[in-house]
Amino acid sequence: VVKVDYANLSGIKILVAEDNEYNQIVVEDTLRSLIKNVAVDIAANGLIAVEMQEANTYDLILMDAQMPEMDGIEATKEIRKLKDATKKAIPIIALTASVHKADIDKCLLAGMNSFVPKPYTPEQLLTALAEFYHNDNPASQVEEISESVLENTEEQVPQQQEKTEIVSLGFLREFVEGDVDRMKKYVGLYLKLLPGNLEKIGSALGAKDLVSLIKIIHSMRPHLSYMGMEEAAKMAADMENFTNEGNRDSEVLELAKTMVAHCEKSQVEL
């Protein structure tokens, strides 16, 4: 049994800066399922996040590090320059698929207060929020996310059907605490977005456009992790690392082709 004191988070107002549709839905669902009376607004890029922070009152910002128009690093710097003392001091937590020290340091140096890795567990997300916000409710009690919820769903989602050659839904089942409807929702969304993602990868491969390739690969990494596609997620991480190292273009292109094959097989399995 995992004990999480989320009663103190009741009533929190959160701005989520995230451009990826899949990640937007996952983070909003997670927050709404775990925190009572939570208010969540979504900003599709850093520029919008700065404008929304200036125009509204939030308790905390969850900021994706990589976004179009303006990334999370620049958005944080702009927020820290705001004239309103309260608005400029808002706690900002980075949401990042990279846990490399250099990338985390960039977030912290830009003025972010902390970070949560993607994909995160509900406990990681709640712990980060609780570090910077609580509602001082004396009636707050520690509530439990019970393992019995997970146990009760095993008949609905048989274990032997969760683990296949490419896909393993154990992580997803644990992430949603056994909520079969949310599992179906996230799997369905993955399948809906996959053809478009694979088409973008194919175009980038055809043009040998590594910048576009790594951009789409990066956006897919959390999706792969939620589907339990550990090998494909590792390939995605390796491709980003190899690109940063330089002179490894051929390895990146070969890994991308292998990852596409994994994704195509995951489509059939799911």
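Scroll up to find the structure this text is about.
**Student:** Where do I start with the side chain of Asn45 in this structure?
**Tutor:** Counting through the fold element by element, Asn45 comes out in the loop between β3 (39-43) and α2 (46-55). Setting aside chain neighbours within four positions, we find Asn45 in contact with Met67, Pro68, Glu69 and Met70.

**Student:** Is there a simple way to explain the packing of aromatic side chains in this structure?
**Tutor:** The relative placement of two aromatic rings is captured by the distance of their centres and the angle of their planes. One pass over the full model with this rule turns up 6 aromatic pairs. Pairing Tyr22 with Tyr186 gives two aromatic rings, centres 6.3 Å apart and planes at 50°, and the pair type is tilted. Note that Tyr22 is positioned in helix α1 (residues 21-34) and Tyr186 in helix α10 (residues 180-207), a separation of 164 residues in sequence. In terms of burial, Tyr22 and Tyr186 fall into one category: buried. Residues Phe171 and Phe175 carry aromatic rings whose centres are separated by 6.1 Å and whose planes lie at 25° to one another, so their mutual orientation is stacked. Placement of the pair is Phe171 and Phe175 together in helix α9 (residues 170-175), with a separation of 4 residues, close to one helical turn.

**Student:** I would appreciate a short explanation of the nonpolar core in the present structure.
**Tutor:** It is characteristic of soluble globular proteins that their nonpolar side chains tend to be buried jointly. Within the largest apolar cluster, 64 residues are counted, with the highest numbers of intra-cluster contacts made by Leu31, Leu62, Ile201, Leu213, Leu224, Met227 and Met259. Here this core takes 11 residues from α10, the largest share from any one element. Setting aside anything within four residues of it in sequence, one finds Ile201 in contact with Leu213, Ile216, Ile217, Met220, Met259 and Val260. Leu15, Ala75, Ala94 and Met112 belong to the second largest nonpolar core, which has 22 residues in total.

**Student:** Please clarify how the environment of Val252 should be interpreted in this entry.
**Tutor:** Assignment of secondary structure puts Val252 in helix α13 (residues 249-269). Accessibility expressed as a relative area gives 0% for Val252, which makes it buried. Separated by 42 residues in the primary sequence, Val252 and Leu210 have C-alpha atoms spaced 8.3 Å apart.

**Student:** I tried to follow the sheet that holds strand β6 (residues 114-117) on my own but got confused; where do I start?
**Tutor:** Sheets are built from strands paired through backbone hydrogen bonds, the pairs being either parallel or antiparallel. Strand order in the open sheet formed by 5 strands is β3-β2-β4-β5-β6, with parallel pairing between adjacent strands. If you trace the sheet from one side to the other, it starts and ends with β3 and β6, each paired once. With direction set aside, neighbouring strand axes in the sheet form an average angle of 20°. Two elements, strand β4 (residues 60-64) and strand β5 (residues 92-96), share 4 bridges in a ladder whose sense is parallel. Paired with Asp64 across the bridge in β5 is Leu95. Across the sheet, helix α3 (residues 72-79) is in contact with β4 and β5; its angle to β4 comes to roughly 150°.

**Student:** Looking at this structure, I do not really get α13. What am I missing?
**Tutor:** Count 3.6 residues to each turn of an α-helix, and residues three or four apart come out pointing the same way. Here α13 is 21 residues long and its end C-alpha atoms lie 30 Å apart, about the 30 Å a rise of 1.5 Å per residue gives. By the burial criterion, the buried members of α13 are Val252, Leu253, Leu255, Ala256, Met259, Val260, His262, Cys263 and Ser266. Contact partners of the buried residues in α13: α10, α11 (210-226) and α12 (230-245).

Analysis parameters
Residues numbered from 1 in each chain as written. Predicted model: local features only at pLDDT ≥ 70, side-chain atom pairs only at ≥ 80, totals over all residues. Heavy atoms only, no water. Helix = DSSP H or I, 4+ residues; strand = E, 2+ residues; numbered from the N terminus. Contact = heavy atoms within 4.5 Å. Phe/Tyr/Trp six-rings, centres within 6.5 Å; stacked < 30°, edge-to-face > 60°. Buried < 20%, exposed > 50% of the residue type's maximum accessible area, 1.4 Å probe, protein only. Core = buried A, V, L, I, M, F, W, Y, C linked by side-chain atoms within 4.5 Å. Pairing = 2+ DSSP bridges. Axes fitted to C-alpha atoms, helices over the stretch in contact; angles between N-to-C directions. Expected span 1.5 Å × (residues − 1).

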